[in-house]
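# Structure at a glance
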Number of protein chains: 2
Amino acid sequence: MNFSYVSHLDCPVCSNTYDTNSVHQLCSCGSPLLVRYRLGELKNDLDREQIKARKPDLWRYHELLPVTDPSHVVTLGEGMTPLLHFHNLGNDYGLSQLYMKDEGLIPSGSFKARGAAVGVSKAKELGVQELAMPTNGNAGAAWALYAARAGIKSTIVMPKDAPSIPRGEVALAGANLFLVNGLISDAGKIVAQAVARDGLYDASTLKEPYRIEGKKTMGIEIVEQLDWQMPDVILYPTGGGVGLIGIHKALLELIELGWVSGKLPRLVAVQAEGCAPIVKAWEEKKERSDFWNDSKTIAFGINVPKALGDFLVLRALYETNGAAVAVSDEELLQEQSKIARLEGAFICPEGAAAFAAARKLTQSGWMKSGEKVVVLNTGAGIKYPDTVQVNPPILNIGDIIPS
Amino acid sequence: MNFSYVSHLDCPVCSNTYDTNSVHQLCSCGSPLLVRYRLGELKNDLDREQIKARKPDLWRYHELLPVTDPSHVVTLGEGMTPLLHFHNLGNDYGLSQLYMKDEGLIPSGSFKARGAAVGVSKAKELGVQELAMPTNGNAGAAWALYAARAGIKSTIVMPKDAPSIPRGEVALAGANLFLVNGLISDAGKIVAQAVARDGLYDASTLKEPYRIEGKKTMGIEIVEQLDWQMPDVILYPTGGGVGLIGIHKALLELIELGWVSGKLPRLVAVQAEGCAPIVKAWEEKKERSDFWNDSKTIAFGINVPKALGDFLVLRALYETNGAAVAVSDEELLQEQSKIARLEGAFICPEGAAAFAAARKLTQSGWMKSGEKVVVLNTGAGIKYPDTVQVNPPILNIGDIIPS
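Residues numbered from 1 in each chain as written. Chains lettered and ligands numbered in written order. Predicted model: local features only at pLDDT ≥ 70, side-chain atom pairs only at ≥ 80, totals over all residues.

### A few points about the overall build of chain A
When helices and strands are counted, chain A shows 12 helices and 14 strands. In terms of overall dimensions, chain A is globule-like: its C-alpha atoms have a radius of gyration of 21 Å, near the 22 Å expected for 403 residues. By principal-axis analysis of the C-alpha atoms, chain A measures approximately 70 × 45 × 45 Å. Evaluated residue by residue, chain A yields a buried proportion of 62% over its 403 residues. A separation threshold of at least 6 residues defines the contact pool for chain A, and within that pool the share at least 24 residues apart is 72%. (Helix = DSSP H or I, 4+ residues; strand = E, 2+ residues; numbered from the N terminus. Rg over C-alpha atoms; globule rule 2.2 N^0.38 Å. Buried ≥ 20, exposed ≤ 12 C-beta atoms within 10 Å, placed from the backbone. Contact = placed C-beta atoms within 7 Å.)

This is how it looks when you write it as structure tokens:
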């Protein structure tokens, strides 16, 4: 048995193929590349039950990940995050089977750790010495930290207005950090120039093929945690959309392996009303999205005006009879508060957006009461302390609490 | 088989016993109470190997926890946090077997979630409607969130100078939050008055017996993660000391069960130079500590001038040939930065203090190169963003990164 059953890279647009033993970024046609595995062989070699007793991190699925030598694995214990039944909130929505996949319980407090763990591990295997990327904050933090652990240098560029905590993470990890007076798309242009000039490894979203493999493990975990059953619906807050593409890819791989059967869950891309290019494209039944001008939302992680993988996200929505939904900042903040009060979970604004969409889709009848619905909370609320405004009463020594 | 093998409560000072079916706070003699189990019976009923395939949270040890009816379990997926080998940092210290138990990967981002999960679950089982507690921040956040999930009301009092993020967590959870112009000991007095006046459940550190049971699972996990071997040393940042008391208790229980054998690890209580009552008592070979006046440290979670369970902490140090070590704020901040650069982990100041102590104890020869050393990081660094000061260069749209 091999540690990995990785086979090759292929292009979802022009069907070109590439090897996984040397650095490849985008396809020559400009499309992101996808990693393929020897699934037929793996089907004979591994029974899903063997996974049960493995360590509770995403490397339990190492056969379905691209790192071929276990000594290259760079891990901080990421993965196997809880899948929680939200009984109280489900009652409020009218859903008896509402679950939250809580990606707050992961290194750096955001699901970006999954992509970074697998992406950096594979970069290490490929001999990468230095990487660069633009970020809205959390991805940069995760990649800078995993790169530090791997002994890889990193250059990170993020919007000046991005949340401040990831800045500290990036700086503490020893990365070269730059802020830009602009959006993540502006940071992306600055990174592209540095990559071209200095020959850096471009770790921008989907410009290397391995981040998506880390993200796809969310999909495998959900299915394993539901005893190898598929849910009916998965809602995902969508910026670059890598997680949604990854979950879709994972489910197709699991079906091919025979580890799970039946209908794919309807995948739902959730965006903010102030930045909803995927929603607009989906409503217009388009294959790709248009750049969203003057984007703005408190859910900074999904402030992505144009995603490189938009066509893969939209394909996943169309193929699964899914949907795309936009919610307002007010709606998501209300939902964040409601979830803390009813379920004791302090989730991030992006996760709260996905819950707000779940509420809407239940109200509209698109989701039915008995359906098994999984909402992804992509990060810990504590990374966004500014979303909560508090002015508690102050007591002095010797005071008593008012009755 | 029972879900729990809980037997009764007993007093470590006067040996009085109490039942676990009704509310008990301190012993009538003023000491904290400890939970006891029917270990002889459990030894016959359960093999440790049966635990392996259970869900990766602390409830995998439910036989050793006090909740008797599984329907009373209030969980957010806490436990089975990673135990990471720190190769790079170990090289720097001169320790080949240096491990970090990372309690940042837990609901609310701090190990306080363990005590809250078990404490709130048992409170729910006992029919508690409303609880109150003083806190330096993280415990209050965890208890407020779990109480919300359980449908229990909570009143939380914390120092005005405590880190701000937990305030947001407490408020969002819908608790009654008060700040006090003073220390946690002053908050404690205010809570005691409210408890007496309003008949609330007192969830102050060690004033209810069940928090310690949640914390002890750190000890069980460490041993399970080391394939049922004990490490040589465990270092623990010590404020109230519940985790250290709990780990000691857990290891003794595991020995009695026959799940692990050999010598207990030397337990090390780590404090800040600005608040080191346990260290002072240990150096003077005393049984109890004295109140530490004008305490001050950046590691707010261990700013506890006098712990109710000090005698239990000191007993654990003496019985295991352990030690107590104080480090300066400067030392712990340096260590925090070093760990991010070498290992990619952004840990909390309290955890960094424990690492700084590990460095000192290796330099002094108290710990030897081949020894298996586990350091507890009690929380995520992202809960303390102010410990990192960053002033990255700002670029404008169209700028390039300087060569």
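### Focus: the relation of the copies chain B and chain A
Structural alignment of chain B on chain A gives an RMSD of 0.0 Å, achieved by rotating through 180° and translating 0.0 Å along the axis. Seen this way, the second copy is the image of the first under a two-fold rotation axis. In this assembly the copies share their binding face: 100% of the residues contributing to the interface of chain B also contribute to that of chain A. (Least-squares fit on C-alpha atoms with pLDDT ≥ 70 in both.)

### Topic: the interface of chain B and chain A
At the interface, 61 residues of chain B touch 61 residues of chain A. Listed by contribution, the elements that provide at least two residues to the side of chain B that touches chain A are α4 (138–150), α5 (165–172), β8 (176–180), α6 (184–198), α11 (329–343) and β14 (394–395) of chain B. Considered class by class, the residues forming the side of chain B that touches chain A number 37 nonpolar, 13 polar and 11 charged. (Nonpolar A, V, L, I, M, F, W, Y, C, P; charged D, E, K, R; others polar.)

### Remarks on the sheet that holds strand β13 (residues 372–377) of chain B
All names here are of chain B. Spatially, β4-β5-β13-β10-β11-β12 is the arrangement adopted by the six strands of the open sheet, whose pairing is mixed. Looking along the sheet, the strands with just one partner apiece sit at the ends: β4 (83–85) and β12 (323–327). Direction aside, the axes of adjacent strands within the sheet are offset by 25° on average. Relative to β13, strand β10 (residues 233–237) runs parallel, the two sharing three bridges. Bridge pairing links valine 233 to valine 373 in β13. (Pairing = 2+ DSSP bridges. Axes fitted to C-alpha atoms, helices over the stretch in contact; angles between N-to-C directions.)

### A look at unusual backbone geometry
A positive phi angle, near 65°, is found at serine 15 of chain B, a position not held by glycine. Despite not being glycine, serine 108 of chain B has its phi angle at roughly 70°, a positive value.

### Re the packing of helix α7 (residues 211–225) of chain A against helix α8 (residues 242–257) of chain A
Residue and element names in this part refer to chain A. Two elements in contact, α7 and α8, have axes separated by 7 Å at closest approach and are oriented at 60°. Our classification of the angle between α7 and α8 gives oblique. When the axes of α7 and α8 are compared, the crossing they make is right-handed. Contact residues: Arg211, Ile212, Lys215, Lys216, Met218, Gly219, Ile220 and Val223 in α7; Val242, Gly243, Ile245, Gly246, Ile247, Lys249, Ala250, Leu251 and Leu254 in α8. Its residues placed into classes, the contact of α7 with α8 shows 10 nonpolar, three polar and four charged. (Parallel < 35°, antiparallel > 145°, perpendicular 65-115°, else oblique. Left-handed = near helix turned anticlockwise from the far one by under 90°.)

### A few points about the sheet that holds strand β14 (residues 394–395) of chain A
The strand order across the open sheet built from five strands is β14(A)-β8(B)-β7(B)-β6(B)-β9(B), with neighbouring strands paired in parallel fashion. Pairing within the sheet leaves two strands with one partner each, and these edge strands are β14 of chain A together with β9 (201–202) of chain B. The pairing of strand β6 (residues 130–134) of chain B with β9 of chain B spans two bridges and is parallel. Among the inter-strand pairings, alanine 132 of chain B is bridged to a residue of β9 of chain B, identified as aspartate 202 of chain B. Against the sheet, α4 of chain B touches β6 and β7 (153–159) of chain B, its axis set at about 170° to β7 of chain B. Sitting on the sheet, α6 of chain B touches β14 of chain A together with β6, β7, β8 and β9 of chain B, and the angle it makes with β6 of chain B is about 155°.

### Digging into helix α7 (residues 211–225) of chain B
Residues and elements named next belong to chain B. In a regular helix each residue adds 1.5 Å, so 15 residues correspond to 21 Å; α7 covers 22 Å between its end C-alpha atoms and thus fits that length. Within α7, 14 of the 15 residues are buried, which leaves it mostly tucked inside the rest of the structure. Of the residues trailing α7, aspartate 227 is marked for its positive phi of about 55°. (Expected span 1.5 Å × (residues − 1).)

### Quick word on the nonpolar core
Core analysis: the largest hydrophobic core is formed by 295 residues, its most contacted members being Val268 of chain A together with Val268 of chain B. Leaving out residues up to four positions away in the same chain, valine 268 of chain B has contacts with Val233, Ile234, Leu235, Tyr236, Gly322, Ala323, Val325, Ala357 and Leu361 of chain B. (Core = buried A, V, L, I, M, F, W, Y, C linked by C-beta atoms within 7 Å.)

### Regarding the packing of helix α3 (residues 112–125) of chain A against α7 of chain A
All names here are of chain A. Interaxial distance between α3 and α7 falls to 7 Å at its minimum, and their mutual angle equals 135°. When the interaxial angle is binned, α3 and α7 end up oblique. The handedness of the crossing between α3 and α7 comes out as right-handed. Taken together, the residues of α7 that come into contact with α3 (itself represented by Arg114, Gly115, Ala117, Val118 and Gly119) are Arg211, Glu213, Gly214, Lys215, Thr217 and Met218. A class-by-class count of the residues in the contact of α3 with α7 yields three nonpolar, four polar and four charged.

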